[in-house]
Protein chains: 4
Amino acid sequence: MTYQHAPLGVAVIGTGRMGSDHVRRIDEVISGARVAAVVDIDGDRAKAVADRIEGCTAHTDPAAAMASSEVDAVLIASPGPAHEAALLEAFARGLPVLCEKPLTPDAESALRVVEAEARLGRRLVQVGFMRRYDAEYRQLKELLDGGGIGRTLMLHCTHRNVATPPGFTGPMMINDSVVHEIDVTRWLLGQEITAVQVLRPAPTAAAPAGLSDPQLVLFETAGGAVVDVEIFVNCGFGYQVRCEAVGERGTARIGEAHGLSVDAAGRWGGAIAQDFVERFRDAYDREVQAWVDATRRGETTGPSAWDGYAAAAVCAAGVRAQDTGGRTPVLLAERPELYR
Amino acid sequence: MTYQHAPLGVAVIGTGRMGSDHVRRIDEVISGARVAAVVDIDGDRAKAVADRIEGCTAHTDPAAAMASSEVDAVLIASPGPAHEAALLEAFARGLPVLCEKPLTPDAESALRVVEAEARLGRRLVQVGFMRRYDAEYRQLKELLDGGGIGRTLMLHCTHRNVATPPGFTGPMMINDSVVHEIDVTRWLLGQEITAVQVLRPAPTAAAPAGLSDPQLVLFETAGGAVVDVEIFVNCGFGYQVRCEAVGERGTARIGEAHGLSVDAAGRWGGAIAQDFVERFRDAYDREVQAWVDATRRGETTGPSAWDGYAAAAVCAAGVRAQDTGGRTPVLLAERPELYR
Amino acid sequence: MTYQHAPLGVAVIGTGRMGSDHVRRIDEVISGARVAAVVDIDGDRAKAVADRIEGCTAHTDPAAAMASSEVDAVLIASPGPAHEAALLEAFARGLPVLCEKPLTPDAESALRVVEAEARLGRRLVQVGFMRRYDAEYRQLKELLDGGGIGRTLMLHCTHRNVATPPGFTGPMMINDSVVHEIDVTRWLLGQEITAVQVLRPAPTAAAPAGLSDPQLVLFETAGGAVVDVEIFVNCGFGYQVRCEAVGERGTARIGEAHGLSVDAAGRWGGAIAQDFVERFRDAYDREVQAWVDATRRGETTGPSAWDGYAAAAVCAAGVRAQDTGGRTPVLLAERPELYR
Amino acid sequence: MTYQHAPLGVAVIGTGRMGSDHVRRIDEVISGARVAAVVDIDGDRAKAVADRIEGCTAHTDPAAAMASSEVDAVLIASPGPAHEAALLEAFARGLPVLCEKPLTPDAESALRVVEAEARLGRRLVQVGFMRRYDAEYRQLKELLDGGGIGRTLMLHCTHRNVATPPGFTGPMMINDSVVHEIDVTRWLLGQEITAVQVLRPAPTAAAPAGLSDPQLVLFETAGGAVVDVEIFVNCGFGYQVRCEAVGERGTARIGEAHGLSVDAAGRWGGAIAQDFVERFRDAYDREVQAWVDATRRGETTGPSAWDGYAAAAVCAAGVRAQDTGGRTPVLLAERPELYR
């Protein structure tokens, strides 16, 4: 162990659903860290959170929180449009950041973050693609990297949610949901995505008016792999994330049913998770723990700002592909040396 | 039961792999039928088969076999180009036919068969789409027809073979393999396929030179469903046919592993079938039994000549789509009254 | 093929649930056999069945049916107490017999049948232990015989029925239900059962008054294996038959859920069979077909009269063990040469 | 949250396999606790561990460690014979204790601990039955408590280890392995175990000379439930813990295969865990975290000293049952008020 002994003082920016869950996680679950400051544009809300934690201060301005001598690192969980400014402020102070996805709301701003970090010459950002910390995805990654099923030719992905909240739009199916499969594809295959296409079946009656749900999203990658993603955000019956990798010598699947199985009333089977918190709780814990541990060692690991930018660029192509129904190329900036 | 008591005298045309297997099936497995005649352009081969069966005659000409007073019905298992003539001869004699797929090698000739049968005004042809007789597909069909998961929005299909024989071509991936998913799609959904698209990943190293294997084939249907089919004919590890129907209220899957499961040497799991005979043996038995039973009742049921034609038309579009990489519409003739 | 061409004329004795199902099976499913005669003590019932089948005669006396020149073989599906007389009559005429289990109602009469057949010097009886024809049990047997998991140390068996008919008693749990596990144990391990013990949990509220249901039945075998059987005849939720063989190098299981799987309404899973007909339909078909084929070849294969006797002897010990709660040895007569 | 802010200072007694793993867990994984002292009779070993942790002292005497003002709680992971003295010392100081199982090596000493704690009038001891913290067991417990499958009639348990270390004895199969099923039975059913019986199949060739492995252990409970446990400590192929609860209205199973599944080389399936660390890592984490959290709230929860005593009493009966092969009653002392 080369950890510093004192716990890492974290400023959590944003105390909405994700932010307050991260506050709880750092306070109760994560070893070696403490919530030193919370930030929300709603100052009362920030104060209510801070008051429950000994030694935690409340702020409405991220920069003020980062200026505190108690703050060693920053966790950004505010709405996407606020990310860029907070990231640049953290860069200015040399503070490590765990930034919830998306890195920023669009590819242009994400590229600015990438370029700013590249100019620093060292990584400070870990992006919140938490599936990379899920036990099953890690098993799959390890299998693929070890050559267990040969070169990967295709991925078949399924991503289902019970229902959408009010205001959920078609582009959000790409930007908020499929973005996970975008990162998983890039991470599992180690290849950039080069083109996107979207097929739209006749929508389910359960879809809100105007939302074409489900959709079949198709990726091509730089290495010639083809990926299909069923995104179905009003499937009604559960939260399901599955992935099958088809290799030259075999296939591997994760996300199938497991755990408690019941035989009763003429049926066998079990319960399906109802949301991502239930399915990925451990992944979130591992993600934040990994970030705390790396930060205390003085390192930055995990999904990088480049990963955040690349996801944003593919999302942009995906949203265009939803409109055209045709194949849409993805154009990436040159990858800075820092991320190679 | 209103069956006639005497067993149905069947002329089997073609004594290759499929034909000789059907001879065995009728001789040993199927109740209520007997092999009355066999036909092969190789007369010695026909004679060798006939000599093993009491009361069975050998022929080189299908018409001669059909002329026998012992022949009540015809099973066509000769190569595709010979099908049209044999079908028309059976029509001329009013003989029921079980015709192995494809109905004929192309959509034009298949349409001629459809029109000839439509002129007869009664169905004589059952096409050999034996998946309709598979226990799991029937369960799935029953579930979908009963509305158990609401309207079907998508199908995800997987079709894998261990390896291809010499001479296997890209169009054969559509015409000989995906043709089953074409029929399954039309049968499960009760909708015609309206467009086809084919994506081609970088091929597996196990693919013969020049064969783009695997491929991802996409269908759109008249009712707005989207279907994806992984066709992978040199997957190396087994024969797998899976289908997941995604409905408005749930999804249903068939083709998952079952049967004997072994825990040993650090692994759990079981054996994967190695060819279609192992996977679909019972379906073939049921198919032929259903045909024998219907024929003895004076009826024709099961996949019709129209089903054979429609599959041929979609195959033709699929082969074009392999070349262009784009979306290819399927144009069907008007459906004759007989098949409505 | 060395089959005689003419179909095997079968006399079916007993036209209750099992008998009439066998009549249907031979008439519609089984190749190479026909129902030549039916016997029932209720003459009107026999006649009603016979009238539906061309060339089938009706009888109230098994001997009269066996005397018919149209009868080549006998299928006994009458109540157990009538089996011995019918078997001895068939022996007197040299007719092959497929005898539904139990061979006879008790070990003493079963031993008399064994001795009578042994005196004949050739096997005529196949006992209706149809699990030996079930596809999964055959896979398991093949694995064990091939040494795939080493010597078998234990079997864990589960045998569940939805509910019992009126009049079902504790001894019937052994004689009618566990008798299948008795045969499976002897067949899979190739060892006689040497002792039985029965544990009785507090009964389910769904059990009829006086029926101690479920029970845990324990076998020891001549080779030192230990077998536990959960017999639960009012489990309420389905018909389940499972078996796990624990070997020196691994374990193997059959009877787990398979087939159509549905994800809906927050649950994954599938349907559980509701009775043995649904679960073992194919086994019954294969059993009768195997008997018809062997008989036409002039052979007798499958479970022997000795197997029927041994099962009866273990059942007797099991019923005693239900009463005493202690370990009850099984004493078998010496095995006649014919069955070695 | 009413947690005190300062982390809980824990003295870890014993730095063998379990102890050093707990040191690591508290140092790196557990939120809200720190290792304040370590104790080992090997003073060099204790010092080596302590030196890696800031503010941690090393001791050879548990009492000396407990006397430190930095120590708020005690985790006992020394060999079983040392437990009683350490527990009584902790009681004398009013320190909460997480005591690895067994509570003490035999029922008599365990009862002395129970009586001593009962005299204190408040619970200080949580026993290390970590399966109660496993996610799947908790799901099962919740299902049973909620009445989801009616009253529980039977449990079928499987407990398999790859191989035993040198010196492993028959009584250790009960005291070290089946003791988990003893606790699980008592916890899941909320009933004491009243009798034990052990059946011993012919041992596997992989068993060390003199070790009768596997065994089938049978429990009866105060509520009339029957429990069978396969304990197989040289199964060779993996570490498996399964449990099926059979209820009046259905059954529920945990411990079945899940996670990554691979189809390749003619087989489907996945990897089996190779030891308890892999299978129950999360349970250990949750166990210690639960203890830290409760201790900081001033409470003692989880498995009690009574649970440790009852397990010891059943183990004693089980070891006698191994010798006699007969049914052995379990006699428990009267349960003190504190544990009701």
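Residues numbered from 1 in each chain as written. Chains lettered and ligands numbered in written order. Predicted model: local features only at pLDDT ≥ 70, side-chain atom pairs only at ≥ 80, totals over all residues. Heavy atoms only, no water.

Quick look at the overall build of chain A now. A tally of helices and strands in chain A yields nine helices and 15 strands. In terms of overall dimensions, chain A is globule-like: its C-alpha atoms have a radius of gyration of 20 Å, near the 20 Å expected for 340 residues. Taken over the C-alpha atoms alone, chain A extends approximately 55 × 55 × 45 Å along its principal axes. Counting only contacts in chain A whose residues sit at least 6 apart along the sequence, the fraction spanning at least 24 positions is 72%. Charge-centre separation for chain A: the mean point of 34 positive side chains lies 3 Å from the mean point of 45 negative side chains. (Helix = DSSP H or I, 4+ residues; strand = E, 2+ residues; numbered from the N terminus. Rg over C-alpha atoms; globule rule 2.2 N^0.38 Å. Contact = heavy atoms within 4.5 Å. Lys, Arg positive; Asp, Glu negative; His and termini not counted. Charge placed at Lys NZ, Arg CZ, Asp CG, Glu CD.)

Here we come to the interface of chain D and chain C. Listed by partner, the interface residues are 35 residues for chain D and 36 residues for chain C. Taking both partners together, chain D and chain C bury about 2700 Å²; carbon and sulfur atoms supply 57% of that area. A salt bridge links E244 of chain C to R242 of chain D, with the nearest nitrogen and oxygen atoms 2.5 Å apart. In this structure, the connection of chain D to chain C is made through 16 residue pairs in polar contact (both at pLDDT 80 or more). Those elements that place two or more of their residues in the side of chain D that touches chain C are β7 (152-160), β8 (193-199), β9 (215-221), β10 (226-232), β11 (240-247) and β12 (250-254) of chain D. A class-by-class count of the residues in the side of chain D that touches chain C yields 15 nonpolar, nine polar and eleven charged. (Buried area = accessible area lost by both parts, 1.4 Å probe. Salt bridge = Lys/Arg side-chain N within 4 Å of Asp/Glu carboxyl O. Polar contact = N/O pair within 3.5 Å; in protein donor to acceptor, adjacent residues only side chain to side chain. Nonpolar A, V, L, I, M, F, W, Y, C, P; charged D, E, K, R; others polar.)

Rotating chain A by 180 degrees about the axis while translating it 0.1 Å along that axis superimposes it on chain D, leaving an RMSD of 0.1 Å. The superposition of one copy onto the other is thereby described by a two-fold rotation axis. Proximity to the rotation axis, assessed at the C-alpha, singles out S31 of chain A in chain A; its C-alpha lies 2.2 Å from the axis. Most of the interface of chain A is mirrored in chain D, where 100% of its interface residues are also at the interface. (Least-squares fit on C-alpha atoms with pLDDT ≥ 70 in both.)

Contacts between the two partners involve 29 residues from chain A and, on the opposite side, 29 residues from chain D. A buried area of about 2500 Å², summed over both sides, lies between chain A and chain D, and 50% of it is on carbon and sulfur atoms. Counting across the interface, chain A meets chain D through zero salt bridges. Inspection of the chain A/chain D interface yields seven residue pairs in polar contact (both at pLDDT 80 or more). Per-element accounting of the side of chain A that touches chain D gives the leading share, five residues, to strand β12 (residues 250-254) of chain A. Counted by class, the side of chain A that touches chain D contains twelve nonpolar, nine polar and eight charged residues.

Moving on, we get to the relation of the copies chain D and chain C. Least-squares fitting of chain D to chain C yields an RMSD of 0.1 Å, with the superposition described by an axial translation of 0.0 Å and a rotation of 180 degrees. A shared binding surface is used by both copies, with 100% of the interface residues of chain D retained as interface residues in chain C.

Residue and element names in this part refer to chain A. Spatially, β3-β2-β1-β4-β5-β6 is the arrangement adopted by the six strands of the open sheet, whose pairing is parallel. Of all the strands in the sheet, just β3 (57-59) and β6 (125-127) have a single pairing partner and so form its edges. Across the sheet, the mean angle from the axis of one strand to that of its neighbour is 25 degrees, orientation sign disregarded. In this sheet, β3 lies alongside strand β2 (residues 33-39) in parallel orientation, the contact comprising three bridges. Residue V39 lies in a different strand from β3, and its bridge partner there is H59. On the sheet, helix α1 (residues 17-29) packs against β1 (8-13), β2 and β4 (73-76) and is oriented at approximately 150 degrees with respect to β2. (Pairing = 2+ DSSP bridges. Axes fitted to C-alpha atoms, helices over the stretch in contact; angles between N-to-C directions.)

All right, on to the packing of aromatic side chains then. Residue and element names in this part refer to chain A. Enumeration according to the criterion identifies ten aromatic pairs over all chains in this entry. With 5.0 Å between their ring centres and 55 degrees between their planes, W306 and Y309 make a pair best called tilted. Highlighted residues: W306 and Y309, both in helix α9 (residues 305-324), separated by three residues, approximately one helical turn. Like Y309, W306 is buried. Here the aromatic cluster, defined as three or more aromatic residues joined through ring pairs, consists of W306, Y309 and Y339. (Phe/Tyr/Trp six-rings, centres within 6.5 Å; stacked < 30°, edge-to-face > 60°. Buried < 20%, exposed > 50% of the residue type's maximum accessible area, 1.4 Å probe, protein only.)

All right, on to helix α5 (residues 107-120) of chain A then. All names here are of chain A. Over its 14 residues, α5 runs 20 Å from end to end, which matches the ideal 20 Å to within 8%, given 1.5 Å per residue. Inspection of α5 places A107, S109, A110, L111, V113, V114, A116 and E117 among the buried residues, and these make up the whole buried set. Residues of α5 that are buried make contact with α4 (83-93), β6 and α9. Of the residues flanking the start of α5, the one acting as N-cap is D106, its side-chain oxygen 3.2 Å from the backbone nitrogen of E108. Positive phi shows up at G121, right after α5, with a value of about 85 degrees. (Expected span 1.5 Å × (residues − 1).)

Attention now moves to the side chain of D183 of chain C. Within the element layout of this structure, D183 of chain C appears in helix α7 (residues 170-189). Discounting residues that sit within four places of it in the chain, D183 of chain C has contacts with F129, R132 and D307 of chain C.

Residues and elements named next belong to chain A. With respect to burial, strand β10 (residues 226-232) is a largely interior element, seven of its seven residues being buried. The alternating pattern of β10 places V226, D228, E230 and F232 on one face and V227, V229 and I231 on the opposite face, and all of these are buried. With seven bridges joining them, strand β7 (residues 152-160) and β10 adopt parallel strand pairing. When the bridges of β10 are listed, R160 appears paired with F232. The pairing of strand β9 (residues 215-221) with β10 spans six bridges and is antiparallel. Bridged to L218 within β10 is D228.

The geometry of a pair of packed helices is captured by two quantities: the angle between their axes and the separation between those axes. All names here are of chain B. Two elements in contact, helix α5 (residues 107-120) and helix α9 (residues 305-324), have axes separated by 8 Å at closest approach and are oriented at 160 degrees. Accordingly, the angle class assigned to the pair α5 and α9 is roughly antiparallel. When the axes of α5 and α9 are compared, the crossing they make is left-handed. Facing α5, whose interface residues are A107, A110, L111, V113, V114 and E117, α9 presents A305, W306, Y309, A312 and A313. Here the contact of α5 with α9 is composed, by residue class, of ten nonpolar, no polar and one charged. (Parallel < 35°, antiparallel > 145°, perpendicular 65-115°, else oblique. Left-handed = near helix turned anticlockwise from the far one by under 90°.)

The subject of this paragraph is the environment of V162 of chain C. By the secondary structure assignment, V162 of chain C is in the loop between β7 (152-160) and α7. If we skip the residues at most four places from it in the chain, V162 of chain C touches V233, N234, C235, G236, F237, G238, Y239 and Q274 of chain C.

A word on the side chain of R186 of chain B. All names here are of chain B. Along the chain, R186 turns up in helix α7 (residues 170-189). What makes R186 buried here is its relative accessible area of 6%. Those residues in contact with R186 that lie beyond four places of it in its chain are R132, Q191, E192, I193, W306, D307, A310 and R335.

Time to look at the packing of helix α1 (residues 17-29) of chain D against helix α8 (residues 276-296) of chain D. All names here are of chain D. Put simply, α1 and α8 touch, their axes get as near as 11 Å, and they point 60 degrees apart. Overall, the two elements α1 and α8 adopt an arrangement that is oblique. The two elements α1 and α8 cross, and the hand of that crossing is right-handed. For the pair α1 and α8, contact is made by R17, M18, H22, R25, I26 and V29 and by F276, V277, R281, Y284, D285, E287, V288 and Q289, respectively.

Looking now at unusual backbone geometry. Look at the link from D213 of chain A to P214 of chain A: it is a cis peptide, with omega at 5 degrees. Along the chain, the position of P214 of chain A falls in the loop between β8 (193-199) and β9. Positive phi values are uncommon outside glycine, yet A265 of chain C reaches one of about 50 degrees.

Once that is clear, we can look at the domain arrangement of chain A. Residue and element names in this part refer to chain A. Along its sequence, chain A is organised into domain 1 (8-131 + 282-304) and domain 2 (135-279 + 310-339). Centre-to-centre, using C-alpha coordinates, domain 1 lies 26 Å away from domain 2. The largest share of the area that domain 1 buries against domain 2 comes from K101, F129 and R131, three residues that together contribute 43% of it. At the boundary of domain 1 with domain 2, the tally comes to one salt bridge. (Domains from an automatic or database assignment.)

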